[in-house]
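For reference, the chains in residue letters:
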Amino acid sequence: YMVHLNKAQLGSLSLVCRYWARLCRRNIFFTATVRSRQRLHELREILNTPSRVQPPVAECIRVIKFIYRGEPTMPWLHLTSTIFSDYPHVLYGLIRPIELILNDASTSPLSSARDHYAPRSLSMNLPRALPGALFQFEKVVLDGLRFKSADDLMHLIQELPAATYVTCRNLVFDYPPDHHS
């Protein structure tokens, strides 16, 4: 029989004993999904916490996804590089590209946020522009975003030199490509 368990169920099983914890640990921490600055700090804390149970969490992570949704009023994507500089073994253990998902529900036709645009830059709302090499995202998904123009989209993509895959879905442009404001 094949039994499929979610992370909560695996977490409960891992509390039975150290042997079960060791068996469940790789599946519990296989994918790390970060959706906010707070979650990024929590991931750093988990990676910093020594554990008597083997393998360490850092060795279990194989997929990292950063999901940035909504308006970038409190930027945190620039902090993602600290995960890889402080814990280089996490970067080398990954089996899939580091993924960045930019998604914004406010661009839906039902939304009232008509003046909300996708960022031209991941450095938006920061005191200065950051070098593109700081962002190690190899796979980028842009979904449901609204841009002023195609130039803004191109500016954003050019800021991500590590990106080898870029998927665009449901993008909206307010001005035609030949229009410059």
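This section reports on the structure supplied with the text. (Residues numbered from 1 in each chain as written. Predicted model: local features only at pLDDT ≥ 70, side-chain atom pairs only at ≥ 80, totals over all residues. Heavy atoms only, no water.)

## Quick look at the packing of aromatic side chains
- Under the defined criterion, the tally for this structure stands at 3 aromatic pairs.
- Summarising the aromatic geometry, the rings of Tyr68 and Trp76 are spaced 5.4 Å apart at their centres and angled 40° between planes, so their arrangement reads as tilted.
- Ring geometry for Phe147 versus Phe173: centroids 5.9 Å apart, planes at 20°, classification stacked. Taken together, the residues Phe147 in strand E5 (residues 146-147) and Phe173 in strand E7 (residues 172-173) connect sequence positions 26 residues apart.
- The buried category is assigned to Phe147, whose relative accessible area is 0%.
- The class for Phe173 is partly exposed, based on a relative accessible area of 35%. (Phe/Tyr/Trp six-rings, centres within 6.5 Å; stacked < 30°, edge-to-face > 60°. Helix = DSSP H or I, 4+ residues; strand = E, 2+ residues; numbered from the N terminus. Buried < 20%, exposed > 50% of the residue type's maximum accessible area, 1.4 Å probe, protein only.)

## Overview of the side chain of Ser121
- For Ser121, the position within the fold is in the loop between strand E3 (99-103) and strand E4 (139-143).
- A distance of 2.9 Å separates a polar atom in the side chain of Ser121 from the backbone nitrogen of Ser123.
- A distance of 2.6 Å separates polar atoms of two side chains, one belonging to Ser121 and the other to Glu159.
- With residues near it in sequence (within four places) discarded, Ser121 still touches His155, Leu156 and Glu159. (Polar contact = N/O pair within 3.5 Å; in protein donor to acceptor, adjacent residues only side chain to side chain. Contact = heavy atoms within 4.5 Å.)

## A word on the nonpolar core
- Among the nonpolar cores identified, the biggest contains 33 residues, and Leu47, Ile61, Phe66, Leu77, Leu102, Leu122 and Phe137 are the most heavily contacted of them.
- Within the residue set of this core, elements represented by two or more residues are strand E1 (31-34), helix H3 (37-48), helix H4 (57-60), strand E2 (63-69), helix H5 (80-86), E3, E4 and helix H7 (150-158).
- Those residues within four positions of Phe137 in sequence are excluded, and the remaining contacts are Phe66, Leu77, Thr80, Ile98, Glu99, Leu100, Leu122, Leu160, Ala162 and Ala163. (Core = buried A, V, L, I, M, F, W, Y, C linked by side-chain atoms within 4.5 Å.)

## Examining the side chain of Asp152
- Tracing the backbone shows Asp152 in helix H7.
- For Asp152, the residues in contact, after removing those within four places along its chain, are Arg120 and Phe147.

These figures come from the coordinates and say nothing about function on their own.
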